[in-house]
There are 2 protein chains.
Amino acid sequence: MRIGVLGAGQLGRMLALAGYPLAKTFTFYDMSGNPSAGVGEVIIDKEGSNLDEFLARVDVVTYEFEHLPVAIAERIAESKPVHPVPRALQVCQNREAEKTLFGNLGIPTPQWRMADSADALRQAAERLGCPVVAKSNTEGYDGKGQAVLRSPEDAEQAWNAIGHDRLMVEKFVEFTREVSIIAVRGTDGDVAFYPIAENVHHEGILRYSIAPAPSLSRELEEKADGYIRALLNELDYVGVLALELFETADGLVANEMAPRVHNSGHWTMEGAMTSQFENHIRAVAGHPLGNTAARGLSCMVNIIGEHGEINRILELPYAHLHLYAKEERPGRKLGHVNVLADSYEELKWRVRNVAQFLPGSPELDCSLTRSAV
Amino acid sequence: MRIGVLGAGQLGRMLALAGYPLAKTFTFYDMSGNPSAGVGEVIIDKEGSNLDEFLARVDVVTYEFEHLPVAIAERIAESKPVHPVPRALQVCQNREAEKTLFGNLGIPTPQWRMADSADALRQAAERLGCPVVAKSNTEGYDGKGQAVLRSPEDAEQAWNAIGHDRLMVEKFVEFTREVSIIAVRGTDGDVAFYPIAENVHHEGILRYSIAPAPSLSRELEEKADGYIRALLNELDYVGVLALELFETADGLVANEMAPRVHNSGHWTMEGAMTSQFENHIRAVAGHPLGNTAARGLSCMVNIIGEHGEINRILELPYAHLHLYAKEERPGRKLGHVNVLADSYEELKWRVRNVAQFLPGSPELDCSLTRSAV
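Position labels on residues start from 1 in each chain and follow its written sequence. Both sets of labels track the order of writing: A upward for chains, 1 upward for ligands. Since the coordinates come from a predicted model, pLDDT governs what is reported: local features require at least 70, and pairs of side-chain atoms require 80 or more to be given and counted, while whole-chain, interface and lining totals use all residues. As a convention, hydrogens and water are excluded, and side-chain values are obtained from all of the structure's heavy atoms.

Under an unreviewed UniProt entry, the name given to chain A is N5-carboxyaminoimidazole ribonucleotide synthase, and the source organism is Marinobacter segnicrescens. UniProt positions are given in the numbering used here, feature names are shortened, and annotations may be inferred rather than shown by experiment. Turning to chain A, the UniProt annotation filed under Pathway (unreviewed entry) states: "Purine metabolism; IMP biosynthesis via de novo pathway; 5-amino-1-(5-phospho-D-ribosyl)imidazole-4-carboxylate from 5-amino-1-(5-phospho-D-ribosyl)imidazole (N5-CAIR route): step 1/2." Its UniProt record gives chain A a comment under Sequence similarities (unreviewed entry), which states: "Belongs to the PurK/PurT family."

Trainee: Can you break down the sheet that holds strand β6 (residues 132-136) of chain B residue by residue, with the values?
Mentor: Residue and element names in this part refer to chain B. Within the open sheet, the four strands sit side by side as β5-β8-β6-β7. Their pairing is antiparallel. Strand pairing shows two members of the sheet lacking a second neighbour, β5 (112-115) and β7 (146-149), which therefore form its edges. Between one strand axis and the next, the sheet turns by 25° as a mean value, whatever way the strands run. For two strands to be treated as a pair, DSSP must find at least two bridges joining them. Counting from the N terminus, the helices are the DSSP runs of H or I reaching at least four residues and the strands are the DSSP runs of E reaching at least two. Pairing between β6 and strand β8 (residues 167-171): five bridges, direction antiparallel. Bridge pairing in β8 links V133 to E170. In this analysis, axes come from line fits to C-alpha atoms, helices being fitted only over the stretch in contact, and the angle between any two N-to-C directions falls in the range 0 to 180 degrees.

Trainee: Run through unusual backbone geometry, naming residues and quoting values.
Mentor: All names here are of chain B. Between H83 and P84 the backbone carries a cis peptide bond, its omega angle lying at -5°. Located in the positive-phi region is D236, a residue other than glycine, with phi close to 50°. The cut-offs for exposure are 20% and 50% of the maximum accessible area for each residue type, with area from a 1.4 Å probe on protein chains only; residues under the lower value are buried, those over the upper are exposed, and the others partly exposed. The class of D236 is exposed, set by a relative accessible area of 52%.

Trainee: So what about the relation of the copies chain B and chain A? Which residues, and what values?
Mentor: If you rotate chain B by 180° and push it 0.0 Å along the axis, it lands on chain A with an RMSD of 0.0 Å. Both copies of the chain, as the preceding transformation shows, are related through a two-fold rotation axis. If distances are taken from each C-alpha of chain B to the rotation axis, the shortest is found for B:L17, at 3.1 Å. A symmetric contact is evident, with 100% of the interface residues of chain B recurring at the interface of chain A. Least squares is used to superpose the copies, and the fit set is the C-alpha atoms of residues whose pLDDT is at least 70 in both copies. Should any heavy atoms of two residues lie within 4.5 Å, those residues are considered in contact.

Trainee: I'd like to hear about the environment of B:T62, residue by residue, with values.
Mentor: All names here are of chain B. Position of T62 among the secondary structure elements: in strand β4 (residues 60-63). According to the relative accessible area criterion, T62 is buried, its value standing at 0%. Spatially, the C-alpha atoms of T62 and L6 are 6.3 Å apart, while their sequence positions differ by 56 residues. Not counting residues up to four positions away in its chain, the partners in contact with T62 are I3, G4, V5, L6, H83, P84, H280 and V284.

Trainee: Describe in detail the packing of helix α6 (residues 118-128) of chain B against helix α7 (residues 155-162) of chain B, supporting the description with residues and values.
Mentor: Residue and element names in this part refer to chain B. Packing of α6 against α7 leaves a shortest axis separation of 8 Å and a crossing angle of 125°. What the angle tells us is that α6 and α7 run oblique. Handedness of the crossing formed by α6 with α7: right-handed. Residues A118, L121 and R122 of α6 lie in contact with α7, whose contacting residues are A155, E156, A158 and W159. When its residues are assigned to classes, the contact of α6 with α7 shows five nonpolar, no polar and two charged. Here roughly perpendicular refers to angles of 65 to 115 degrees, roughly parallel to angles under 35, roughly antiparallel to angles over 145, and oblique to all remaining angles. When the near helix sits turned anticlockwise from the far one by under a right angle, the crossing is termed left-handed; a clockwise turn instead gives a right-handed crossing. Residues are sorted three ways: Asp, Glu, Lys and Arg are charged, Ala, Val, Leu, Ile, Met, Phe, Trp, Tyr, Cys and Pro are nonpolar, and all the rest, Gly among them, are polar.

Trainee: Please provide a residue-by-residue account of helix α3 (residues 70-77) of chain B, values included.
Mentor: Residue and element names in this part refer to chain B. Those residues of α3 that fall on the buried side of the exposure criterion are V70, I72, A73 and I76. Along the axis of α3, the buried positions cluster into a sector of 160°, meaning they face one direction only. Next to the buried residues of α3 lie β1 (2-6), α2 (51-56), β4 and α4 (86-92). Directions pointing from the helix axis toward each C-beta atom define the arc.

Trainee: So what's going on with the domain arrangement of chain A? Residues and values would help.
Mentor: All names here are of chain A. Here the limits of each domain have been adopted from an automatic or database domain assignment. Domain annotation of chain A identifies domain 1 (2-82), domain 2 (111-171) and domain 3 (175-370). Of note, the centres of domain 1 and domain 3, computed from C-alpha atoms alone, are 23 Å apart. Domain 1 puts 19 residues into the contact, and the matching count from domain 3 is 23 residues. The term buried area refers to how much accessible surface (probe radius 1.4 Å) is lost by two components on association, counted for both of them together. For the pair domain 1 and domain 3, the two sides together bury roughly 1700 Å², of which 68% comes from carbon and sulfur. Contact with domain 3 buries area across many residues of domain 1, yet Q10, M14 and L15 alone supply 29% of it, more than any other trio. Salt bridge, as applied in this entry: a Lys or Arg side-chain nitrogen positioned within 4 Å of an Asp or Glu carboxyl oxygen. Taken together, the connections running from domain 1 to domain 3 amount to one salt bridge. Pairs of N or O atoms are called polar contacts if they sit within 3.5 Å, as long as, within protein, a hydrogen donor faces a hydrogen acceptor (for residues adjacent in sequence, only side-chain-to-side-chain pairs). On inspection of domain 1 and its partner domain 3, the count reaches five residue pairs in polar contact (both at pLDDT 80 or more).

Trainee: Go over the pattern of salt bridges, please, and point to the residues and values.
Mentor: Scanning the entire structure with this criterion turns up 42 salt bridges over all chains. For the salt bridge of A:R57 with A:E53, the shortest nitrogen-to-oxygen distance reads 3.6 Å. By relative accessible area, A:R57 is classed as partly exposed at 32%. Residue classification places A:E53 among the partly exposed positions, given a relative accessible area of 36%. Measuring nitrogen to oxygen at the nearest pair gives 2.9 Å for the salt bridge that ties B:R282 to B:E278.

Trainee: Please give an account of the packing of helix α1 (residues 10-19) of chain B against helix α10 (residues 276-284) of chain B that cites residues and values.
Mentor: Residues and elements named next belong to chain B. For the pair α1 and α10, the least separation of the axes is 8 Å and the interaxial angle reads 75°. When the axis of α1 is compared with that of α10, the two are roughly perpendicular. Packed against α1, whose contacting residues are L11, M14, L15, A18 and G19, the element α10 presents F277, E278, H280 and I281 at the interface. Within the contact of α1 with α10, the residues separate by chemical class into six nonpolar, two polar and one charged.

Trainee: Go over the nonpolar core, please, and point to the residues and values.
Mentor: Core analysis: the largest hydrophobic core is formed by 132 residues, its most contacted members being A:V354 and B:V354. Not counting chain neighbours up to four residues away, the residues in contact with B:V354 comprise B:V301, B:I313, B:L316, B:Y318, B:A319, B:V337 and B:V339. Nonpolar cores were defined as sets of buried Ala, Val, Leu, Ile, Met, Phe, Trp, Tyr and Cys residues, with membership established by side-chain atoms within 4.5 Å.

Trainee: So what about the sheet that holds strand β3 (residues 41-44) of chain A? Which residues, and what values?
Mentor: Residue and element names in this part refer to chain A. With respect to topology, four strands assemble into an open sheet ordered β3-β2-β1-β4, the strand pairing being parallel. In the strand order of this sheet, the two ends are held by β3 and β4 (60-63), each with one partner. The sheet shows a mean angle of 25° between the axes of neighbouring strands, taken without regard to direction. In terms of strand pairing, strand β1 (residues 2-6) meets β4 through four bridges, oriented parallel. Across the sheet, L6 pairs through a bridge with Y63, a residue of β4. Helix α1 (residues 10-19) rests against β1 and β2 (25-30) of the sheet, and its axis sits at about 170° to β2.

Trainee: Outline the packing of aromatic side chains, listing residues and values.
Mentor: The relative placement of two aromatic rings is captured by the distance of their centres and the angle of their planes. Aromatic pairs are defined between Phe, Tyr and Trp rings, using the six-membered ring for Trp, whenever the two ring centres lie within 6.5 Å; interplanar angles under 30 degrees are classed as stacked, those over 60 as edge-to-face, and all others as tilted. Tallied over the entire structure, the rule returns eight aromatic pairs over all chains. A centroid spacing of 4.6 Å and a plane angle of 20° characterise the contact between A:F175 and A:F246, whose relative ring orientation is stacked. Taken together, the positions of A:F175 in strand β9 (residues 175-185) and A:F246 in strand β13 (residues 239-248) put the pair 71 residues apart, joining distant regions of the chain. Taking the centre distance of 5.4 Å and the plane angle of 70° together, the rings of B:Y20 and B:F26 count as edge-to-face. According to the relative accessible area criterion, B:Y20 is buried, its value standing at 3%. Note on B:F26: relative accessible area 3%, which makes it buried. Geometrically, a charge over a ring is one whose NZ (Lys) or CZ (Arg) sits within 6 Å of the ring centre while staying within 35 degrees of the ring normal. We note A:R352 situated over the ring of A:W349; from NZ or CZ to the ring centre the distance is 4.9 Å.

Okay, structure coming up:
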């Protein structure tokens, strides 16, 4: 089976590396002019005029990022199966649609309002109670197009700074940690859940994912399973879906979802029986889903901006290196290291050993370091 | 780093899939006209006239099979590093050289003699005591160019059947099982050993490898480590080396070696901390070696001739599928399934579950099935 991937970055690369052992071949469709996948055939098409050439080479289409024109996905869907369904793209590109869907499915979210003017933003901030965060309703990701309002007085400045004509305004959530759940749904409707991961961000970029998340109650795990199952079924979704959540004193609160394999699931490459990449390919290709159980305890450490001392990391007997073959650039994801251990205490120390060879890695500040395990 | 691979079959494919995460790229040099690697760039050159084109595209060269002209490896070594060293090829292409090297290093072998005529073959059979096996000294592999002599009277017929002008004659070894050890040596001389695997052949083709080999004494494991270490050091070898051995009442007896990643090491993909493929790439590229420890118990099941019921295998939560994207043909290696378990008893049953979906799979006849574990 010939699989077409919209986008040609590291996620597409890892999808291909997981798909070759299932006898799939890969063609990437790149609209950025700067593909990095480095495996399989790449069609570069910045103007979107060579879509037919791409389609002639593939049997089924999936994507590695959600910020692509929905019209393209819909046009593809007229001639080839597209998984996940284009509606998932639509929802993920529009915060109002996403939060509305969450609400309709009973998935808790922060309180939110929409604002179409600086004045409406001020009113929203007053009603919700500051601090609030204002986000462009569309076209925003990786923390771009956002502003925090400490007081309703900040509305004018925030409105101008963001420079969009429609904002979502969310009440701040007091959370103890950020977690994410990744699940996969097959063409037959079968669903499998990975253990929840605890995520550590630094300057808006994911730095660490620990899985299974330490000390997570069975009750919360089941809640999260229920939330993501509801999304998968509602969207008649095929493939891997990621849902980011905050853990709060009142339970889980959904932040956002990503209709693709996700950085917080990279630990599954050595840390689960079947990786998220293989499971996405299995789903898209119509195969049975693979076992999502964890193999021991894992922490994924992102390599950001600089490669650091790669050979020192390769010396560590518990570390698995995954490079994306990209040039160094500040803030750029260049690879990740999966660290394995049999206990969380061991995991914590091993992660610190890895991080010392990665310049600019923040301290591991997570539930493991904030309390005795 | 750009790695060149002589040969473009499934071993090269799996080397590449293990090497991309280390940011290596791959170019294959195929002299068969029928490459199957399916990843990376392939230069097809049946006449051997485009070697320079290949060399211009690579920084270092390795190989995936040992039956290639030594002259080509030597010619390459004049301009690029070649790992393993071409002398390893030379030794593996000549049974007399191989067994002589084993003997020089104190590695036990079956008793053997050379024969240059039907008459000499008869004499060798008489001296060694039948049964013996006669094998062409060069150009023989996968059980081709061999004949068994039950009595010295069979010499004339065997000589004619093999049709070579120089044969190695080996006394039959009474063995309890076949095992293999795989080790890797880095550019700095560092050596790492995988646990020994027990191998089950059927009609001359490897069908199952169980690792770590059940009930193997620590003493024999250390012997095998010593044998392969001696070979690695004597050859100043860089990369993965496999050594096939018979376990007998008197200890281990060496059969033959392969200067490459080996089918009996495919279990390492999910069954060891670092796969043989990654470790070969690490060695060839001058990186530190990876951890060779087992992750639980594994059995590799080869997919031979027909793919069988792939979707049924994908349903099994303990099975990992690796396909080579090759067309079905009797006796052809099409892929393998790595089965994981926590106990040998569990492993045995799981392997049988997998084998039922692979037509023509022989019964699992090994130390696990011949005795209670």
